[in-house]
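A structural walkthrough
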Amino acid sequence: MASPPIDDDDPPPYVVGNHNDAGEILQPVILVLAGHFIRAQTVDGTPLYELSRDIRTSSTSEAQLAQVSLERLIHNVRVSANGTPRVLHRNRHIFELKHLPPVISTGFPYCLDAMSRHALGNLALKSPSFPRSSFKVVRVDEEKGDGLPKGYKARKESLKEGEMIFEILRKRGHYEWMGPDGNRLAVEDETDGNHRLIVTSPVMRKTMDAMIGGWCLRIWRDSMKSNHRSRKPQVKTQVRSGREILPRWW
């Protein structure tokens, strides 16, 4: 249905603040992480999401507390009284990507704090013990400190793991995003440092938002770990003779 015409003097027809588009069904799309924007791989490269900074090259170490904002860019087309279309833009803050250093983390150092009540909730990136190349995105809730001694406040924030939202499997050199039902939702592609998320199935808007947040969180994690490795002091290697290396009883 065509949008009703509006007069140029009318205030911008933004979507009402409490409008819920979380259940909207989105079709498969290819998304590209370019700087601090996530764009659709189309002719015009429309930006769909914006990060507060580039997460691909992080200067943050794993010992530091850090966060990055993730906003969805909303583009509304309206037609004025003279028939001229106008594109109106606004941002919706959907997640805060957070890295919690070991001193305050309780098993979930990489988290997504929901900033919209229509989001899937607070999420975390979980690295299972086996296989180590796979991840899960799980819902997390704050755990009440019942049973603690009276006045005991100096404690870590405790998070309780909930349902699995995504499973991220490493297959043939790339990651595949699976839903809780085991169906594939998306495939990651990284070539020459360029990151793409190829969404292969229709998903709800809130699922897409959570998947974008989790994708960014995983890339940010890899960037931080790479930065941590590069900061390690180089140990000078000393060449020794075979007699020095062999045990004394040889």
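The structure contained in this document is the topic of the report that follows. Keep in mind that this is a model prediction, so the values were computed, not measured.

1. A short note on the overall build of the protein
Scanning the protein from terminus to terminus reveals two helices and 14 strands. The buried share of the protein, reckoned over its 250 residues, is 36%. Surface accessibility of the protein: about 15200 Å² in total, with carbon and sulfur atoms responsible for 52%.

2. A few points about the nonpolar core
Core analysis: the largest hydrophobic core is formed by 40 residues, its most contacted members being L97, W177, L197, M208, M211 and I212. Among the elements that line this core, the one with the most residues is helix α1 (residues 205–231), at ten residues.

3. Section: the packing of aromatic side chains
Scanning the entire structure with this criterion turns up two aromatic pairs. Taken together, a centroid distance of 5.9 Å and an interplanar angle of 55° make the contact between F135 and Y175 tilted. Highlighted residues: F135 in strand β9 (residues 135–142) and Y175 in strand β11 (residues 174–178), separated in sequence by 40 residues. Y175 carries the same exposure label as F135, and that label is buried. Pairing F166 with W177 gives two aromatic rings, centres 5.4 Å apart and planes at 70°, and the pair type is edge-to-face. Linking F166 in strand β10 (residues 159–171) with W177 in strand β11, this pair joins segments that are eleven residues apart in sequence. The buried category is assigned to F166, whose relative accessible area is 1%. Overall, W177 belongs to the buried group, its relative accessible area being 0%.

4. Focus on the sheet that holds strand β4 (residues 47–51)
Spatially, the twelve strands close up into a barrel ordered β2-β3-β4-β5-β6-β7-β8-β9-β10-β11-β12-β13, and their pairing is antiparallel. With strand direction ignored, the average angle separating the axes of adjacent strands in the sheet is 25°. Relative to strand β5 (residues 66–79), β4 runs antiparallel, the two being bridged by three bridges. Within the sheet, the bridge partner assigned to E50 lies in β5 and is E71.

5. Concerning the pattern of salt bridges
Under the definition given, this model contains 13 salt bridges. A salt bridge links R205 to E24, with the shortest nitrogen-to-oxygen separation between them at 3.3 Å. Of this pair, R205 sits in helix α1 while E24 sits in the segment before β1 (25–26), placing them 181 residues apart in sequence. Residue R205 is classed as buried on the basis of its relative accessible area, which comes to 16%. K171 is the salt-bridge partner of E176, the closest N and O atoms lying 3.8 Å from each other. We classify E176 as buried; its relative accessible area is 4%. Exposure remark for K171: the relative accessible area of 30% places this residue in the partly exposed category. In the salt-bridge network here, residues are joined through shared partners; they are K171, R172, E176 and R184.

6. A word on the side chain of R218
Relative to the helices and strands, R218 resides in helix α1. Its relative accessible area of 2% is what places R218 among the buried residues. At 2.6 Å, the side chain of R218 forms a polar contact with the side chain of E188. With residues up to four places along the chain from it excluded, the contact list for R218 reads L125, F135, Y175 and E188.

The rules we used
Residues numbered from 1 in each chain as written. Predicted model: local features only at pLDDT ≥ 70, side-chain atom pairs only at ≥ 80, totals over all residues. Heavy atoms only, no water. Helix = DSSP H or I, 4+ residues; strand = E, 2+ residues; numbered from the N terminus. Buried < 20%, exposed > 50% of the residue type's maximum accessible area, 1.4 Å probe, protein only. Areas by Shrake-Rupley, 256 points an atom, 1.4 Å probe, with all protein chains shown as cover. Core = buried A, V, L, I, M, F, W, Y, C linked by side-chain atoms within 4.5 Å. Phe/Tyr/Trp six-rings, centres within 6.5 Å; stacked < 30°, edge-to-face > 60°. Pairing = 2+ DSSP bridges. Axes fitted to C-alpha atoms, helices over the stretch in contact; angles between N-to-C directions. Salt bridge = Lys/Arg side-chain N within 4 Å of Asp/Glu carboxyl O. Polar contact = N/O pair within 3.5 Å; in protein donor to acceptor, adjacent residues only side chain to side chain. Contact = heavy atoms within 4.5 Å.

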